[in-house]
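Now for the letters of each chain:
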Amino acid sequence: MDTAFYAGLTTETDGAGAGAELQGTVRSAAACGGPWSADLQHGGPPSALLVRLAEQLAATAAGRFDLAAARIAAEFLAPVPVAPLEVAARVLRLARSAVLISAELAVDGRPCLQARVWLIAEAGTPVMPQPGAERGCQDKPAHPAALPDFGMDGFPYAEHLEWRTVSGRAREPGPAAVWVRARVPLLAGERPSTLQRLVLVADSASGVSSLLDWDDWSFANIDLDVHLMRQSQDDWLLMEAVSEVGPGIGLARSSLSDRAGLLGAGLQTLLIRSRRD
């Protein structure tokens with residue numbers, strides 16, 4: 001098992017304020033390998049990496065460290081290989097309360113994944129009750145690790161996460177709810193932010209709730225949108241996922257919670273194709 005999803009991240013920042021830009025390189029570990037090919041990354045790790053880059057640049061550009069990544073809209077322009085990657089990010093908007101960053105991964109100068117990440121300055125707000133704070137926990141063991149294994153395995157990314165069943169089962173059709181936590185960090189020696197942890201997991205919603213046979217069909221997502229409503233220190237995330245299938249296109253939706261209640265939500269557009277053709 002790898003000790004992290006990525007290693008050797010090196011970056012340089014040019015400019016300041018609204019003109020700040022970041023460039024660098026990173027090495028992908030085998031742990032990033034996805035279900036369709038061990039040589040192609042699952043969407044979770046590279047999307048989470050873009051959040052990490054956006055957080056770094058936003059803090060530098062704004063000169064403050066109270067900015068929380070709250071939303072990512074990622075677009076897969078091409079498969080992301082398990083290989084050395086070029087990373088880049090730039091500021092799109094720099095305001096007192098919010099910063100918008102555009103981040104990108106590329107191979108040999110060809111972009112393969114782009115994202116926009118909103119970061120919002122922390123502020124005092126009323127503490128509201130969290131609806132569904134006990135969702136997925138009623139009448140079940142208090143700790144997710146005590147639940148049965150979900151059965152998500154067979155490819156590197158899945159084996160570097162821990163999956164525990166609330167409802168449903170891996171590779172069985174229909175909605176499912178599963179507790180998930182990463183066995184290794186995104187980058188060695190770093191604790192991922194809340195949005196990084198959500199994004200790492202949220203890209204799995206289409207697999208967790210698949211309606212199609214994995215041997216007969218591919219249903220890779222072409223995008224990933226994740227919205228976050230609050231911060232969390234909980235390593236365990238509860239994903240409640242459902243997929244819908246249309247003529248060649250599909251939609252996967254997920255609700256993401258920790259043991260205190262709702263954290264956010266995810267959406268994926270699925271490109272559905274036969275693997276037998």
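This is a predicted model, so every value here is computed, not measured.

Time to look at the packing of helix H1 (residues 44–62) against helix H3 (residues 194–202). Where H1 contacts H3, the axes come no closer than 7 Å and their chain directions differ by 160 degrees. When the axis of H1 is compared with that of H3, the two are roughly antiparallel. Here H1 and H3 pass one another in a crossing that is right-handed. Between H1 and H3, the residues in contact are Gly44, Pro45, Ser47, Ala48, Val51, Arg52 and Glu55 and Leu195, Gln196, Val199 and Leu200, respectively. Class assignment for the residues of the contact of H1 with H3 results in six nonpolar, three polar and two charged.

To continue, consider the nonpolar core. Ranked by size, the top nonpolar core spans 72 residues in total, and within it Phe5 and Trp163 carry the most contacts. Considering each element in turn, this core owes the most residues, nine residues, to H1. Membership of the second largest hydrophobic core comes to six residues, among which are Val166, Ala177, Trp179 and Leu238.

For the structure on display, the rule yields zero disulfides. Take Cys32: it sits in no disulfide, and the sulfur closest to it among the cysteines is that of Cys112, at 12 Å. Residue class for Cys112 comes out buried when judged on its relative accessible area of 2%.

Looking at the largest pocket, its volume works out to about 560 Å³. Lining the largest pocket are 27 residues, with Trp36, Gln41, Gly43, Ala220 and Asn221 sitting closest to its centre. It is strand E9 (residues 217–221) that provides the largest number of residues to the lining of the largest pocket, a total of four residues. Residue composition of the lining of the largest pocket, by class: 16 nonpolar, 10 polar and one charged.

In this section: the pattern of salt bridges. Within this structure, the stated rule accounts for 10 salt bridges. Close ionic contact of Asp216 with Arg276 constitutes a salt bridge, the shortest N to O distance being 2.7 Å. Highlighted residues: Asp216 in the loop between helix H4 (205–208) and E9 and Arg276 in the segment after strand E13 (261–274), separated in sequence by 60 residues. The class of Asp216 is partly exposed, set by a relative accessible area of 25%. Overall, Arg276 belongs to the exposed group, its relative accessible area being 61%. Through salt bridges with shared partners, one network takes in Glu162, Arg164 and Arg181.

Cut-off values and rules
- Residues numbered from 1 in each chain as written.
- Predicted model: local features only at pLDDT ≥ 70, side-chain atom pairs only at ≥ 80, totals over all residues.
- Heavy atoms only, no water.
- Axes fitted to C-alpha atoms, helices over the stretch in contact; angles between N-to-C directions.
- Helix = DSSP H or I, 4+ residues; strand = E, 2+ residues; numbered from the N terminus.
- Parallel < 35°, antiparallel > 145°, perpendicular 65-115°, else oblique.
- Left-handed = near helix turned anticlockwise from the far one by under 90°.
- Contact = heavy atoms within 4.5 Å.
- Nonpolar A, V, L, I, M, F, W, Y, C, P; charged D, E, K, R; others polar.
- Core = buried A, V, L, I, M, F, W, Y, C linked by side-chain atoms within 4.5 Å.
- Buried < 20%, exposed > 50% of the residue type's maximum accessible area, 1.4 Å probe, protein only.
- Disulfide = S-S within 2.5 Å.
- 1 Å grid on protein atoms, 1.4 Å probe; cavity = no way out; pocket = protein on both sides within 12 Å on 5 of 7 lines; lining within 4 Å.
- Points joined across faces, edges and corners; volume = space filled by probe spheres on them.
- Salt bridge = Lys/Arg side-chain N within 4 Å of Asp/Glu carboxyl O.

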